[in-house]
Amino acid sequence: DVKVTQSSRYLVKRTGEKVFLECVQDMDHENMFWYRQDPGLGLRLIYFSYDVKMKEKGDIPEGYSVSREKKERFSLILESASTNQTSMYLCASRTGHPPYEQYFGPGTRLTVT
Amino acid sequence: DQQVKQNSPSLSVQEGRISILNCDYTNSMFDYFLWYKKYPAEGPTFLISISSIKDKNEDGRFTVFLNKSAKHLSLHIVPSQPGDSAVYFCAAEPRGSTLGRLYFGRGTQLTVWP
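These notes cover the structure that comes with them. (Residues numbered from 1 in each chain as written. Chains lettered and ligands numbered in written order. Predicted model: local features only at pLDDT ≥ 70, side-chain atom pairs only at ≥ 80, totals over all residues. Heavy atoms only, no water.)

## Things to note about unusual backbone geometry
What is expected of a backbone is that most residues other than glycine have negative phi and most peptide bonds are trans. In this structure, B:Pro79 follows B:Val78 across a cis peptide bond, with omega equal to -10 degrees. Along the chain, the position of B:Pro79 falls in the loop between strand S8 (72-77) and strand S9 (86-94). Not every positive phi belongs to a glycine, and A:Lys53 is a case in point at roughly 65 degrees. Inspection of the secondary structure puts A:Lys53 in the loop between strand S5 (42-51) and strand S6 (54-57). Of the residues examined, A:Lys53 reaches a relative accessible area of 56% and is grouped as exposed. Of note in this structure, B:Lys71 is not a glycine but carries a positive phi near 50 degrees. (Helix = DSSP H or I, 4+ residues; strand = E, 2+ residues; numbered from the N terminus. Buried < 20%, exposed > 50% of the residue type's maximum accessible area, 1.4 Å probe, protein only.)

Structural data, given as structure tokens:
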């Protein structure tokens, strides 16, 4: 069974803090993704990575950065948290060959006050 | 601009009846389509997929239909059960993509009532 884990289920941070969200997958997947989910807006892609140290911007990268130093780990960084970054953050991974479905972690509910 | 659209934000169906969730796409390069289900406070889970070389794929109570000419797909759940109440996301992947990126719709909240 594919397992994608995220470091925290719930997180509360203050405006201006630097925030690290960690994601680990145990299936040797090449591709990893960070999304945020907001009511009425669905899943929006922030960043993704197709290999170690490789990253691509998604649709809403502003205010975020990522790091992938090891194949199994993909970190999302909020350089200076703001209240509009309060959201559910979801990490996903998939292999580079069929089947193509992405496997999601349980999510981190981040509140920025 | 949204390349995958789910125009119904919500759907309410009685237990035992059929649920039909719809999805439209605009990019003719999409050739692999997936449906995910999401419960509150959990990550989405993969439900069923279909390749563009097919027009139907079935897995138990779930069937996905693809109409390429209309750029439309639908998910049928028969019979619907209260445990099916969740948000359903439609997603699509472009042909030849090696980056693995999926394009998601905004989701449809399905409520199945007894």
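## Thoughts on the sheet that holds strand S7 (residues 62-67) of chain B
All names here are of chain B. Taking strand neighbours across the sheet as the criterion, the five strands line up as S1-S3-S8-S7-S6 in an open arrangement whose pairing is antiparallel. Because the sheet does not close on itself, it has two edges, and the strands there are strand S1 (4-5) and strand S6 (56-59). Here S6 pairs with S7 via four bridges, running antiparallel. The residue of S7 that forms the bridge with Asn57 is Val64. (Pairing = 2+ DSSP bridges.)

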